[in-house]
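Chains, contacts and geometry: an overview
Each chain is listed here by its residues.
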Amino acid sequence: KHLEKMKAVGKVNDYKPEYKFDTEFEREIKAEVFKIVRRGREFGTTGFFFRAFVYISLFFFLQYTFATSTNLNSTQGILLAIAFGVSGATIGLNVQHDANHGAASKKPWVNDLLGFGADLIGGCKWSWLAQHWTHHAYTNHADKDPDSFSSEPVFNFNDYPIGHPKRRWYHRFQGVYFLAILSMYWLSMIFNPQIIDLRHAGAAYVGIQMENDFIVKRRKYAIMMRAMYLFLNIYCPFANNGFNLSTFGIIMLMGVAESLTLSVLFSLSHNFENSDRNPTEAFLNTGEPVCWFKSQVETSSTYGGAIAGYLTGGLNFQVEHHLFPRMSSAWYPYIAPTVREVCKKHGVKYAYYPWIWQNLFSTVSYMHKAGTGANWELNPLSGRA
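The paragraphs below set out a description of the structure included in this document.

Rules used in this analysis
- Residues numbered from 1 in each chain as written.
- Predicted model: local features only at pLDDT ≥ 70, side-chain atom pairs only at ≥ 80, totals over all residues.
- Heavy atoms only, no water.
- Helix = DSSP H or I, 4+ residues; strand = E, 2+ residues; numbered from the N terminus.
- Rg over C-alpha atoms; globule rule 2.2 N^0.38 Å.
- Buried < 20%, exposed > 50% of the residue type's maximum accessible area, 1.4 Å probe, protein only.
- Contact = heavy atoms within 4.5 Å.
- Areas by Shrake-Rupley, 256 points an atom, 1.4 Å probe, with all protein chains shown as cover.
- Lys, Arg positive; Asp, Glu negative; His and termini not counted.
- Charge placed at Lys NZ, Arg CZ, Asp CG, Glu CD.
- Salt bridge = Lys/Arg side-chain N within 4 Å of Asp/Glu carboxyl O.
- Phe/Tyr/Trp six-rings, centres within 6.5 Å; stacked < 30°, edge-to-face > 60°.
- Lys NZ or Arg CZ within 6 Å of the ring centre and 35° of its normal.
- Patch = residues over 30% accessible without salt bridge, like charges linked within 9 Å, V, L, I, M, F, W, Y side chains within 5 Å.
- Expected span 1.5 Å × (residues − 1).
- Bend = angle between axes of the 7 residues up to and from the residue.

With that settled, the discussion passes to the overall build of the chain. Along its length, the chain carries 19 helices and four strands. The C-alpha atoms of the chain give a radius of gyration of 21 Å, which matches the 21 Å a tight globule of 385 residues would have. Dimensions of the chain, computed from C-alpha atoms along their principal axes, come out at roughly 65 × 50 × 45 Å. Residues classed as buried in the chain amount to 50% of the 385 residues present. The long-range fraction of contacts in the chain, counting pairs at least 24 apart against all pairs at least 6 apart in sequence, stands at 71%. Total accessible area computed for the chain in this model is approximately 19,900 Å², and 64% of it derives from carbon and sulfur atoms. For the chain, the distance from the average position of its 36 positive side-chain charges to the average position of its 29 negative side-chain charges is 4 Å.

All chains considered together, the criterion is met by eleven salt bridges. Salt-bridge contacts for Asp112 lead to Lys125; the nearest nitrogen and oxygen are separated by 2.0 Å. Of this pair, Asp112 sits in helix α5 (residues 108-115) while Lys125 is found in helix α7 (residues 125-137), placing the two residues 13 residues apart along the sequence. You can call Asp112 partly exposed: its relative accessible area is 40%.

By the definition in use, this model includes 16 aromatic pairs. Both rings, one in Phe34 and one in Phe324, keep their centres 5.8 Å apart while their planes meet at 85 degrees; by these two values the pair is edge-to-face. Note that Phe34 is positioned in helix α2 (residues 24-36) and Phe324 in the loop between α17 (318-323) and α18 (332-345), a separation of 290 residues in sequence. Accessibility assignment for this pair places Phe34 and Phe324 in one class, buried. Judged by centre distance (5.6 Å) and plane angle (85 degrees), the rings of Trp169 and Tyr170 are edge-to-face. These aromatic residues form a ring-pair network of at least three members: Phe59, Phe60, Phe66 and Phe84. Cation over ring: Lys125 sits above Phe116, and NZ or CZ is 4.4 Å from the ring centre. In this arrangement the basic side chain of Arg340 is found over the ring face of Tyr352, its NZ or CZ atom lying 4.3 Å from the centre.

To continue, consider a nonpolar patch on the surface. A grouping of Ile36, Ile307, Tyr310, Leu311 and Tyr334 is seen on the molecular surface, where their side chains present a nonpolar patch of about 510 Å² in accessible area. At three residues, helix α16 (residues 306-312) tops the list of elements feeding residues into the nonpolar patch. Turning to its location among the elements, Ile36 is positioned in helix α2. With relative accessibility at 35%, the residue Ile36 sits in the partly exposed group.

Turning our eyes to something else, we now look at helix α12 (residues 213-241). Between its first and last C-alpha, α12 extends 42 Å over 29 residues, near the 42 Å set by a 1.5 Å rise per residue. Residue Arg219 marks the point of greatest curvature in α12, where the axis turns by about 40 degrees. When α12 is considered as a whole, its buried residues turn out to be Ile215, Arg219, Ala222, Arg226, Tyr229, Asn233, Ile234, Cys236, Pro237, Phe238 and Asn241. Looking one or two places after α12, you find Gly242, whose phi comes out positive at around 95 degrees.

Here we take up unusual backbone geometry. Following Glu152, the chain continues into Pro153 via a peptide bond in cis, with omega recorded as 5 degrees. Despite not being glycine, Asp22 shows a phi value in the positive range, around 60 degrees. On the secondary structure map, Asp22 appears in the loop between β1 (19-20) and α2. One non-glycine residue, Leu198, adopts positive backbone phi at about 60 degrees. Its place among the elements puts Leu198 in the loop between α10 (185-190) and α11 (201-206). For Leu198, a relative accessible area of 2% puts it in the buried group.

Here you go:
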């Protein structure tokens, strides 16, 4: 019914789908999960909105304090900067993410309003939609997932074959430095020139049409909100505390705190040992489309439980999120055991880490091996290349 309401903008000729749907695995996992969460009830719970209210209230309090404080160049200012940065990340994780997936509420205006949390923390709602929805469609696809190549050429999330043109000599050390680079995520976000025309480079590269009425009409609002963010979080601290290196350091500390909280948690989700880095390999070899639902499981990982979910907006349940992206994160702890059982029954690899540090260790190990090409070297003990 939704497709019937949409306006046709063109036709793709000679299209060969890489993914297939309505597989036995998809049908069973949907049937079992919707026994737990009935259709139409998969949106935010009372608990979700309570947590969102707490995170939003704390954020606005810290935002006001950070923008108006005349004592940032102190121990108190250091603590405030860290707290405000982490608070901004909780908005990105717990509020805007569900909302911009249309999962917070069945009422579109609620999702639309909460989705502006992306702009409150230095991002852009519409740019995020262009990248993130493309990421969900093509998770870990080396050519079509913007998240998989967004860090290039500084470091590689993709594990390219040895000799690949996208490999650089310094990638051999990326297992050491990639976290330091991720700490600069905030800078790359707030000074991203794509805010001007909302043409997200990653989504456009994949082939998403960025020049349309919806995007064009929203450019001025995106620019206005970015200007407001820069005024509150860069100009005001300098104006109230002096244009000096100390104030600059406090602003950067806030940005680093937000960056690491967001980007480290994001990087855990799909970059770990034995994650599927070539989900359409079977299609490339045989021409047979692969099960999209199966690929979502085998390119993602889950760690921890409900408590971690309350703190990360359910991003720790990445497998469940990629299977049901329009289901509120509040439900993921309830459906996770069933998802694991169905995956086991169908022989689908489900990556689970009881603790976040285990997932982080696996991510660092994967990044090191992806940088050195270790996964492509001959392993004499196994007899495999």
